[in-house]
Amino acid sequence: MDIADLRDRILKQDRRALARAITLVESGRADHRAQAAELLEALRGHGQEAIRIGLSGTPGVGKSTFIESFGMMLTAQGLRVAVLAVDPSSARSGGSILGDKTRMEQLSRDPNAFIRPSPSRSHLGGVARRTREAIALCEAAGFDVVLIETVGVGQSETVVSEMSDLFLLLLAPGGGDELQGVKRGIMEMADIILVNKADGDLLPAAKRTCADYAGALRLLRKRPQDPEGFPKAMTVSALREDGLNTAWEEMCKLADWRRETGHWEARRAAQAEYWFFEEVRQALLARLERGPVKAALREYGAQVARGEITPALAADAVLKLLGEDEGKT
Ligand SMILES: Nc1nc2c(ncn2[C@@H]2O[C@H](COP(=O)(O)OP(=O)(O)OP(=O)(O)O)[C@@H](O)[C@H]2O)c(=O)[nH]1
Ligand SMILES: [Mg+2]
């Protein structure tokens, strides 16, 4: 593959080149990894800085519908929008963004939009790296907005928030007045909570839910990266395309404030550093899965279990082996 050519075509905003490059970063083959690294390095500092928006919500809350309406609204304003997904659960049925390409019918046909399904059958660490690299490629290809979707079922929100400038939490109107079991940690990540389906019969419930969450957000510890009034909760209807423009205005307001105060840049720098450490950590973990080290882990594990050696000594022995294994390669 001609990496220099691929680079030039991406910078010329060629979508097919972008799709090919994403396939390259998704590959686990060693030669592909090397080419991907070369490409990303060649693109570093080029293209433009997009606004990276993380979006999380439980199945059925309306993520796909929201992305379709919100995305169409942005492209109508002349913005170029890329949609990526972090989908950690292979168990997830039916709702994959791949299937969604048919549901996001209008957006997927829009020349100013680019929708990329999540790579499947991979652990979260692998998906995270690919998504992060795909974001970099989308920025190089001149996208203004990169939406990163994840289904809210655990760890993936953290992963997505660590690669986003803004994090949106999408909720559905609740029946009762209790908060919908949203974990505190996830609430703490949110910059804007959007209570969706604020239409028809659901409108009163949506307003109530929104008020509940607004109250809950006020109780959270104040974060330095928030101006007055943030994080905030608001209602939208993705289906009726209500409130989407207001939500976008709030996102821009928050983004502008963070840019002016330096929080934006500081966060991106911290994220880059975080992903560097994560990369090292993942590579080390991957090495534990290799032949002799893997066998030693199992063997020492059994010995520790039988009380024949202390955990500390066993760990020392495995780490020593890891060092020797490294010496050979
Ligand atoms: N009334 C109403 N229904 C909505 C709205 N947004 C989505 N829905 C409906 O909610 C259902 C689920 O919407 P999706 O957009 O597929 O939800 P999702 O979060 O992508 O779901 P998964 O992909 O399964 O995680 C569909 O029947 C939508 O038509 C809305 O604003 N109002
Ligand atoms: Mg969906």
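Residues numbered from 1 in each chain as written. Chains lettered and ligands numbered in written order. Predicted model: local features only at pLDDT ≥ 70, side-chain atom pairs only at ≥ 80, totals over all residues.

- Under an unreviewed UniProt entry, the name given to the protein chain is LAO/AO transport system kinase, and the source organism is Salinihabitans flavidus.

**Focus: the pairing of strand β6 (residues 192-195)**
At step 1: Residues Ile 192 and Leu 194 point to one face of β6 and Ile 193 and Val 195 to the other, with burial holding for every one of them.
At step 2: For strand β5 (residues 166-171) and β6, the ladder comprises 4 bridges, and the chain directions are parallel. Paired with Leu 171 across the strands is Val 195, a residue of β6.
At step 3: By the bridge criterion, 4 bridges tie β6 to strand β7 (residues 232-235) in an arrangement that is parallel. Of the residues in β7, the one forming a bridge with Leu 194 is Met 234.
At step 4: Tracing the backbone out of β6, into helix α10 (residues 203-219) and back to the parallel element β7 gives a crossover that is right-handed. (Buried ≥ 20, exposed ≤ 12 C-beta atoms within 10 Å, placed from the backbone. Helix = DSSP H or I, 4+ residues; strand = E, 2+ residues; numbered from the N terminus. Pairing = 2+ DSSP bridges. Right-handed = clockwise from strand over helix to strand, strands pointing away.)

**Re the sheet that holds strand β2 (residues 81-86)**
At step 1: Overall, parallel pairing links the 7 strands, which are arranged β3-β2-β4-β1-β5-β6-β7 in an open sheet. Single-partner strands in this sheet number two, and they are β3 (113-115) and β7. Taking each pair of neighbouring strands and ignoring which way they run, the sheet shows an average axis angle of 20°.
At step 2: Contacts from α10 reach β5, β6 and β7 within the one sheet, and its direction differs from that of β7 by about 175°.
At step 3: On the sheet, helix α11 (residues 244-261) packs against β1 (51-57), β5, β6 and β7 and is oriented at approximately 175° with respect to β6. (Axes fitted to C-alpha atoms, helices over the stretch in contact; angles between N-to-C directions. Contact = placed C-beta atoms within 7 Å.)

**Some words on the nonpolar core**
Across soluble globular proteins, nonpolar side chains have a tendency to be buried as a group.
At step 1: In this structure, Ala 21, Leu 137, Cys 138 and Leu 168 are the most contacted members of the largest nonpolar core, which totals 68 residues.
At step 2: Tallying contributions element by element places helix α7 (residues 124-140) first for this core, with 7 residues.
At step 3: Split by domain, this core shows at least three residues from each of two domains, domain 1 (1-46) and domain 2 (47-260).
At step 4: Contacts of Cys 138, omitting those with residues within four sequence positions, involve Leu 18, Ala 50, Ala 82, Phe 114, Phe 143 and Val 146. (Core = buried A, V, L, I, M, F, W, Y, C linked by C-beta atoms within 7 Å. Domains from an automatic or database assignment.)

**Observations concerning the pairing of β5**
At step 1: Across the 6 residues of β5, 6 count as buried, placing the element largely inside the fold.
At step 2: Alternating residues of β5 divide into Leu 166, Leu 168 and Leu 170 and Phe 167, Leu 169 and Leu 171, and every residue in both groups is buried.
At step 3: Relative to β5, β1 is paired through 4 bridges, and the arrangement is parallel. Bridging across to β5, Ser 56 finds its partner in Leu 169.

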